[in-house]
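Observations on the three-dimensional arrangement
Spelled out from the first residue to the last, the chains are:
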Amino acid sequence: PLVGVASGFCFAGNAALLGMCDVVIATEGANIGMAGPAMVAGGGLGQVAASAIGPSAEQARNGVVDLLAADDAEATALARRYLGFFQGPLPPPATFADQRLLRAAVPENRKRAFAVRPIIETLVDESSWLELRREFGRGLVSGLARVDGRPIGVIANSSAHLGGAIDSDGALKAARFMELCDAFDVPLLFLCDTPGFMVGPESERGAAVRKMSRLFAVGSSLSVPFFTLVLRRAYGLGAMAMSGGLAVGPNVFHASWPSAEAGPMGLEGAIELGFAKELAAAGSVPLVGEAARRRLHESLLHTGLERAGATSVARTLETDDVIDPADSRAWIVHGLDAAAVPAERG
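Since we're looking at a predicted model, the values are computed, not measured. All residue numbers refer to positions counted from 1 along the written sequence of the respective chain. It should be noted that, the model being predicted, local features are given only for residues of pLDDT at least 70 and side-chain atom pairs only at 80 or more, the latter also being counted only at that level, while totals for whole chains, interfaces and linings use all residues. Only heavy atoms go into the side-chain values, all of them from the structure, while hydrogens and water stay out.

1. Regarding helix 6 (residues 168-183)
- Comment: elements are numbered from the N terminus, with helices defined as DSSP H or I runs of at least four residues and strands as E runs of at least two. Here the expected length of a helix is defined as 1.5 Å per residue gap, with one fewer gap than residues. Over its 16 residues, helix 6 extends 23 Å from the first C-alpha to the last, a length consistent with the 22 Å expected when each residue adds 1.5 Å.
- Of the residues making up helix 6, those classed as buried are Ser168, Gly170, Ala171, Lys173, Ala174, Ala175, Phe177, Met178, Leu180, Cys181 and Asp182.
- Two residues or fewer past helix 6, Asp185 is found with a positive phi of approximately 55°. Only protein chains enter the accessibility calculation, which uses a 1.4 Å probe; a residue whose area is less than 20% of its type maximum is buried, one above 50% is exposed, and one in between is partly exposed.

Given below as structure tokens:
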């Protein structure tokens, strides 16, 4: 693994070397750019202060910097901690949180956002979670941790940003992290709660097709074990991306919490599209049309939720099992025990 640490000014060739590293750590006062003030002025772009070029906080938001540190001492500590994940398993026993806490982690209101990081911290070994690129692609959370002393990479949807929809930045962030884990034989855990990919004209202006498709290209070539736990929503192509492109094989399990629901697209949108004529007819009734349309929509949504629920999905073998959230860690441990060892690289 290659680790780059930027402290102070890091311009031109030094920045190029930094950008080739697997992870970039920068101190709060660092500046990173492909050219310093002299080269900027030489290119006819005017006089610019060195401190105005690529401040580390800005480079963290755009994805250049993986980890921000207060000073050189913290940067060194972060580098040591990061490299520790590639040194193999730690000896048992591992300490971890009370797994029963996971039973209350997802709100009963299916439209309410929830914090996914406490779920990750509960699942993994105590104090082992190291999040990467926190400020970039905020709809997806990625980082390294340990389960039963063994290193594992985690990718999770965050409903606190865009309702968990995967945008272009999130797709690039996840794809790059998947490549990192695959390169160094670190298994992957996906925690799925997404309505799908972010769509619309604004999304497409950001080259969504190319960036989002990276998730399928990388997922299809993974050689490490990977597992998916559906916490709540698993809709559309976004859900496929959170399952390694729905690849199947001896290294994969796909389990769902009782709160999970799944389908080709979000239920509300599917109802509006699939039952447009029926809803329009109900809404056209004089005096009671609005109430009639609302009742029909609620009835269709109730039926849709029954079909999209975790147990219904399990009956059609679209998920391996519906599990008690408190058993999730045990499933991960069993998955790591049973997974095939990646083939040696040539």
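2. A short note on the pairing of strand 7 (residues 140-147)
- Most of strand 7 is tucked away, with eight of its eight residues classed as buried.
- Of the two faces of strand 7, the one holding Leu140, Ser142, Leu144 and Arg146 and the one holding Val141, Gly143, Ala145 and Val147 are both buried throughout.
- Paired strands, as defined in this entry, are two strands with at least two bridges between them according to DSSP. Sheet topology note: the strand 7/strand 8 (residues 150-157) ladder contains eight bridges and is antiparallel. Note that in strand 8 the partner of Ala145 across the bridge is Ile152.

3. Some points on the sheet that holds strand 5 (residues 67-69)
- On the basis of which strands lie adjacent, the open sheet formed by three strands has the order 1-3-5 and parallel pairing. Pairing within the sheet leaves two strands with one partner each, and these edge strands are strand 1 (3-6) and strand 5. This sheet shows a mean twist of 20° between the axes of neighbouring strands, independent of strand direction.
- In this sheet, strand 3 (residues 23-27) lies alongside strand 1 in parallel orientation, the contact comprising four bridges. Across the sheet, residue Val3 finds its bridge partner in strand 3, namely Val23. For every element, the axis is a line fit to its C-alpha atoms; helices are fit only across the contacting stretch, and the angle between N-to-C directions ranges from 0 to 180 degrees.

4. Considering the packing of helix 10 (residues 267-274) against helix 12 (residues 289-308)
- In the contact formed by helix 10 and helix 12, the axes pass within 10 Å of each other and the chain directions differ by 125°. Taken as axis vectors, helix 10 and helix 12 run oblique relative to one another. Here helix 10 runs over helix 12; the crossing is right-handed. From helix 10, Leu267, Glu268, Ile271 and Glu272 reach across to helix 12, where they touch Arg293, His297, Leu300, Leu301, Gly304, Leu305 and Ala308. In what follows, roughly perpendicular refers to angles from 65 to 115 degrees, roughly parallel to angles under 35, roughly antiparallel to angles over 145, and oblique to any angle outside these ranges. Each helix crossing is assigned a hand: it is left-handed if the near helix lies turned anticlockwise from the far helix by less than a right angle, otherwise right-handed if that turn is clockwise. Only heavy atoms enter the contact rule, under which two residues are in contact if any of them lie within 4.5 Å.

Limitation: the analysis is restricted to geometry and does not speak to function.
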